[in-house]
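Fold and geometry: a report
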Amino acid sequence: MTPAIVAAVERVEIAIVGSGVIGSATARALGARGVPAVLLEQFDLGHARGSSHGATRIFRFSYPDPGYVRMAVIAREAWARLQDDAGEELLVMTGGLDAGPGASACAAALKECGVQHTWLAAGELPARFPGIAARPGERMLFQADSGVLLAGRAVAALHRLASRDGVSIRAQTRVLGIEPQGERVLLRTPAGEISARVAVIAAGGWNEALLARAVARVPRLTATLQQLRYFSPRTASDDWPTLIEWPAEGLNWYIVPVAGDAPGVKVAAHIRGRTVDPSAGPFSEIDRALEDEAEKYVRRRLPGLVPAGFGAETCLYTMTCDEHFVLDREGPIVVGGGGSGHAFKFGPLLGEMLADLALGKETRIPRQRFSLSRPGLSP
Ligand SMILES: Cc1cc2nc3c(=O)[nH]c(=O)nc-3n(C[C@H](O)[C@H](O)[C@H](O)COP(=O)(O)OP(=O)(O)OC[C@H]3O[C@@H](n4cnc5c(N)ncnc54)[C@H](O)[C@@H]3O)c2cc1C
């Protein structure tokens, strides 16, 4: 009789699941601290089936909530350190506008945090940002620290730096199951089993299913399908800021100026989107009605753009009940996610926080609002 071959279980210090911006930033933060870690990704690095792909994302201090303003100020420092380390520009500063009734709450939060901002009257806008039209009597909030994150390049830089610092990055390695075993945690992959002292689960829209039998407080997360479209500026020399609409009713449109590899000005609506099972992707179908709405919005608000859009893309949001993230630890499992459509700008900071949690330290930012135990998060 041939003796059965028992595959050895690989023992690692820390395993990170998911190579989106959150998992990759955690890998980079652990690598920078000299902690041995592996980063496991089910698809290819930089794939377009999750939340972190594409050319650009908005960075901004401006939020209606002072807690996020303070976090964004700290995140900006983390981006600056990342840029220095990567030796390339990852955040292009453009300044940003907030329009609509919600802009006043942003101004109040910025004021509370001592962050400079100013109001531009309708008459001042054409000289500053000729591509954007204000309604008569309308004013817009301007904050200079907004800009465009070069998203795909930033995630690639995180991989490069993590790898340089010794993190083992394994694409095409799906984690099939997670099982806490005393003080350690076992991860099953098609390539074999991995026993880690700590597992950081940063699996985006896949987090809830992956955590279902691994933690007591399973977060309720809803993956929704988002779509965006690009538009060409009529005049190459015009300055474009980021713009967020905070209307009393209707869609929350936002625009992202051309930067990096973006083929045009990005226009999209921050809406809940259709609920999807992320494993059923990739999602290529485009909602034509929303495309028409985008063109109507461009005609109304953005005379500096050619109103025929092109290059539609889709992307997933992973929504929590209250749109706050999830950053918590339960035994040997750290959970990072619930990006709710606004986590990219905090990426390197979230990576530092999750690295702290993985190493048994408290985070520098208070994180009660990101707890697994908060009301409404678990079913
Ligand atoms: C259209 C759009 C516009 C946005 N705009 C902004 C913006 O302007 N500013 C901003 O701050 N944020 C923005 N966001 C939000 C931001 O991009 C997300 O919050 C962020 O990218 C979430 O990253 P993540 O790492 O949690 O998830 P993901 O990027 O989805 O990463 C999760 C990874 O885990 C992997 N994975 C899942 N299951 C497994 C498994 N079992 N084994 C191995 N790997 C697994 C997945 O394949 C994936 O690569 C936007 C999002 C979208 C969709």
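Note that the structure is predicted; figures quoted are calculated from it, not measured.

Considering the overall build of the chain
Helix and strand counts for the chain stand at 8 helices and 20 strands. Taken over the C-alpha trace, the chain has a radius of gyration of 21 Å; the compact-globule value for 379 residues is 21 Å, and the two agree within 12%. Projected onto its principal axes, the C-alpha coordinates of the chain cover approximately 85 × 45 × 45 Å. Counting the 379 residues in the chain, one finds 48% classified as buried. When contacts within the chain are restricted to residue pairs at least 6 apart in sequence, long-range pairs at least 24 apart make up 74% of them.

A few points about unusual backbone geometry
Omega for the peptide link from Gly-281 to Pro-282 comes to 5 degrees, which places this bond in the cis form. If you check the backbone angles, Gln-172 has positive phi at about 55 degrees while not being a glycine. The topology assignment puts Gln-172 in the loop between strand E9 (168-170) and strand E10 (177-181). Positioned with a positive phi, Ser-340 is a non-glycine residue whose angle comes to about 50 degrees.

A word on the site of the ligand
Around the ligand, a shell composed of 37 residues is seen, among which Gly-18, Gly-20, Gly-50, Gly-204 and Gly-339 lie nearest. Elements represented by at least two residues in the shell around the ligand include exactly helix H1 (21-32), strand E3 (56-59), strand E13 (222-231) and strand E18 (310-319). By residue class, the composition of the shell around the ligand is 18 nonpolar, 15 polar and 4 charged. Taken together, domain 1 (10-55 + 153-220 + 322-370) and domain 2 (93-147 + 222-319) each give at least three residues to the shell around the ligand, which thus spans both.

A short note on the pairing of E3
The side-chain alternation of E3 yields two buried faces, one formed by Thr-56 and Ile-58 and the other by Arg-57 and Phe-59. Across 4 bridges, the pairing between E3 and strand E8 (residues 147-150) is antiparallel. From the neighbouring strand, Phe-59 faces E8, where its bridge partner is Gly-147.

Things to note about the domain arrangement of the chain
On domain assignment, one finds that the chain holds domain 1 (10-55 + 153-220 + 322-370) and domain 2 (93-147 + 222-319). The C-alpha centroid of domain 2 is placed 29 Å from the C-alpha centroid of domain 1. Residues belonging to the side of domain 1 that touches domain 2 are distributed by class as follows: 3 nonpolar, 12 polar and 3 charged.

Here's the deal with the environment of Leu-158
Mapped onto the fold, Leu-158 is located in helix H5 (residues 151-164). Residues within four places of Leu-158 in sequence aside, it is in contact with Ser-24, Ala-25, Ala-27 and Arg-28.

A word on the packing of helix H2 (residues 66-86) against helix H8 (residues 347-358)
Each packed pair of helices is defined by two parameters, the angle between the axes and the distance between the axes. Look at H2 against H8: their axes get within 7 Å of each other, and the N-to-C directions meet at 95 degrees. It follows from the interaxial angle that H2 and H8 lie roughly perpendicular. Two secondary-structure elements touch here, H2 through Met-71, Ile-74, Ala-75, Ala-78, Trp-79 and Leu-82 and H8 through Pro-348, Leu-349 and Glu-352. The residue makeup of the contact of H2 with H8, split by class, is 8 nonpolar, no polar and 1 charged.

Observations regarding the packing of H1 against H8
Between H1 and H8, the least distance of the axes is 7 Å, while the angle of their chain directions is 60 degrees. Considering their axes alone, H1 and H8 lie oblique with respect to each other. Of the two possible hands of crossing, H1 and H8 adopt the one that is right-handed. Seen from H1, the contacting residues are Val-21, Ile-22, Ala-25, Thr-26, Arg-28, Ala-29 and Leu-30; seen from H8, they are Gly-347, Pro-348, Leu-350, Gly-351, Glu-352, Leu-354, Ala-355 and Ala-358. Here the residues of the contact of H1 with H8 are counted per class, giving 10 nonpolar, 3 polar and 2 charged.

Concerning the sheet that holds E3
One open sheet accounts for 3 strands, arranged E3-E8-E4; its pairing is antiparallel. With one partner strand each, in any of the chains shown, E3 and strand E4 (91-93) form the two edges of the open sheet. Each strand axis lies, on average, 30 degrees off the axis of its neighbour in the sheet, ignoring direction. Those strands touched by H5 are E3 and E8, and its axis lies near 50 degrees from that of E8.

What about the environment of Arg-272?
Note that Arg-272 resides in the loop between strand E16 (265-269) and strand E17 (274-275). Judged by C-beta crowding, with 12 C-beta atoms within 10 Å, Arg-272 ranks as exposed. Between the alpha carbons of Arg-272 and Met-319 there is a distance of 8.2 Å; along the sequence they are 47 residues apart.

Let's talk about H8
A rise of 1.5 Å per residue sets the reference length of H8, with its 12 residues, at 16 Å; its end C-alpha atoms lie 16 Å apart and thus fit the reference within 8%. Within H8, 12 of the 12 residues are buried, which leaves the element mostly enclosed by the surrounding structure. Within the sequence span of H8, burial applies to Gly-347, Pro-348, Leu-349, Leu-350, Gly-351, Glu-352, Met-353, Leu-354, Ala-355, Asp-356, Leu-357 and Ala-358. Just downstream of H8 lies Gly-360, where phi reads positive at about 75 degrees.

Quick notes on the environment of Ala-134
Along the chain, Ala-134 falls in the loop between helix H4 (125-128) and strand E7 (139-143). Judged by C-beta crowding, with 19 C-beta atoms within 10 Å, Ala-134 ranks as partly exposed. Aside from chain neighbours lying at most four places away, what touches Ala-134 is Ala-122, Leu-125 and Met-140.

Thoughts on H1
In a regular helix each residue adds 1.5 Å, so 12 residues correspond to 16 Å; H1 covers 16 Å between its end C-alpha atoms and thus fits that length. Regarding H1, the residues found buried are Val-21, Ile-22, Gly-23, Ser-24, Ala-25, Thr-26, Ala-27, Arg-28, Ala-29, Leu-30, Gly-31 and Ala-32. On its buried face, H1 is in contact with strand E1 (10-17), strand E2 (37-40), H5, strand E12 (192-201), strand E20 (333-337) and H8. Once H1 finishes, Gly-34 follows within two positions and takes phi at roughly 75 degrees, a positive value.

Definitions and limits used
- Residues numbered from 1 in each chain as written.
- Predicted model: local features only at pLDDT ≥ 70, side-chain atom pairs only at ≥ 80, totals over all residues.
- Helix = DSSP H or I, 4+ residues; strand = E, 2+ residues; numbered from the N terminus.
- Rg over C-alpha atoms; globule rule 2.2 N^0.38 Å.
- Buried ≥ 20, exposed ≤ 12 C-beta atoms within 10 Å, placed from the backbone.
- Contact = placed C-beta atoms within 7 Å.
- Near = placed C-beta within 6 Å.
- Nonpolar A, V, L, I, M, F, W, Y, C, P; charged D, E, K, R; others polar.
- Domains from an automatic or database assignment.
- Pairing = 2+ DSSP bridges.
- Axes fitted to C-alpha atoms, helices over the stretch in contact; angles between N-to-C directions.
- Parallel < 35°, antiparallel > 145°, perpendicular 65-115°, else oblique.
- Left-handed = near helix turned anticlockwise from the far one by under 90°.
- Expected span 1.5 Å × (residues − 1).

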